[in-house]
Amino acid sequence: MNTWTKYCDSRGLNPISTTVTQGINFLAELMSHNIGYSGINTARSALSSVLTVHDCSTFGTHPLVKRFMKGVFENRPSLPRYTCTWDVSTVLKFLSSLPNLEEITLKDLSHKVVMLMALLTGQRAQTLHALDISSMEMTENKITFYITEVLKHTKPGRHQQPIEFVAFEQDPTLCIVSHIKGYLRRTSSHRNDQSRLLLSYVNPFNPISKDTLSRWIKETLSQAGIDTKTFSAHSTRAASTSTAEAKGVPIHCIMDSAGWSNCHTFAKFYKKPQQAVKNYGSELLKEITS
């Protein structure tokens, strides 16, 4: 809303009481700065929360605004980055081929833990970045993280469910519980008072940023042979959930793990073709490695 406020200030307008025409002019100016449909639609939604037109409808539902947005879409369509996803088993086979916990480098262990967590939860990088050992419960066969900060999908009355990892005894090379425990042992001497789960593997071993986490995922995808010019780090979300759905994991389990409240979100944005569940991650591993 800062951009809208500046726009109004430069023209002597009241940012919470102006005309539909001025709002559309603002969106048109955004378009002139090469902002795409998604960005302009986000601005439209933000204006709808503060602007009310004369008939008490919202700015975003006004017929002129709808016509304008249709024109924006036709000129700058917001299309999926890709229409299919990569084979999850290819990445899991690569991870399985890495040295065991006693021999693997801290760098490779860090990358492996992050990739396994991304695939076994279907979560976005922001959620994985928020994992904190001060809000962690650990038993022999399970590790649970409780999210204590606001995330992108947090809404009043709905917050991210605890992130649960269950041991995968069928294949120790893909057991996320043993790898997180190994990661904690390897990083214990570097932590000092740092409670974030994920730390840099180089001195001074500070907590990593979300961008670094995404870069680790992308590097692992590249090493596994996935085309990272096409697929971003965020593609793990679609690849994981689409594979789970194709393998018969119930949709309610996928939604709970990935943090979606509406199955249409998965169907519209994440379900991509690829070539009674107790735990999303462990069941996904069983289906793929069986």
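Right above here is the structure, for reference.
Here goes a summary of the coordinates provided. Note that the coordinates shown come from a computational prediction; the quantities given were computed from them, not determined experimentally.

This part covers the pattern of salt bridges. This structure, assessed with the given rule, holds three salt bridges. Between Glu29 and Arg11 there is a salt bridge whose closest N-O contact spans 2.9 Å. Here Glu29 is found in helix H2 (residues 20–32), whereas its partner Arg11 is found in helix H1 (residues 2–11), with 18 residues between them in sequence. Residue Glu29 is classed as partly exposed on the basis of its relative accessible area, which comes to 30%. Here Lys142 ties to Glu164 by a salt bridge, and the two come within 3.4 Å at their closest N and O atoms. Here Glu164 lies in strand S3 (residues 163–166) and Lys142 lies in strand S2 (residues 142–145), a separation of 22 residues in the sequence. Accessibility expressed as a relative area gives 35% for Lys142, which makes it partly exposed.

Before going further, it helps to examine the sheet that holds strand S1 (residues 136–138). Ordered in space as S1-S2-S3, the three strands form an open sheet in which the pairing is antiparallel. On the outer flanks of this sheet lie S1 and S3, each paired with one strand and no other. The mean inter-strand angle of the sheet, taken between neighbouring strand axes irrespective of direction, is 10°. Bridge count between S1 and S2: three bridges; the pairing is antiparallel. Across the sheet, the residue bridging to Met138 is Ile143, located in S2.

Okay, empty space enclosed by the protein next. Looking at the largest cavity, its volume works out to about 30 Å³. In this structure, the largest cavity is lined by Phe94, Leu95, Leu98, Asp108, His111, Lys112, Thr220 and Gln223. No other element matches helix H6 (residues 106–121), which puts three residues into the lining of the largest cavity. Split by residue class, the lining of the largest cavity holds three nonpolar, three polar and two charged.

Look at H6 against helix H9 (residues 210–223): their axes get within 9 Å of each other, and the N-to-C directions meet at 95°. On the basis of the axis angle, H6 is roughly perpendicular to H9. In this structure, H6 uses Lys107, Ser110, His111, Val114, Met115 and Ala118 to contact H9, whose residues at the interface are Leu213, Trp216, Ile217, Glu219, Thr220 and Leu221. Taken together, the residues that form the contact of H6 with H9 break down as seven nonpolar, three polar and two charged.

Definitions and limits used
- Residues numbered from 1 in each chain as written.
- Predicted model: local features only at pLDDT ≥ 70, side-chain atom pairs only at ≥ 80, totals over all residues.
- Heavy atoms only, no water.
- Salt bridge = Lys/Arg side-chain N within 4 Å of Asp/Glu carboxyl O.
- Helix = DSSP H or I, 4+ residues; strand = E, 2+ residues; numbered from the N terminus.
- Buried < 20%, exposed > 50% of the residue type's maximum accessible area, 1.4 Å probe, protein only.
- Pairing = 2+ DSSP bridges.
- Axes fitted to C-alpha atoms, helices over the stretch in contact; angles between N-to-C directions.
- 1 Å grid on protein atoms, 1.4 Å probe; cavity = no way out; pocket = protein on both sides within 12 Å on 5 of 7 lines; lining within 4 Å.
- Points joined across faces, edges and corners; volume = space filled by probe spheres on them.
- Nonpolar A, V, L, I, M, F, W, Y, C, P; charged D, E, K, R; others polar.
- Parallel < 35°, antiparallel > 145°, perpendicular 65-115°, else oblique.
- Contact = heavy atoms within 4.5 Å.

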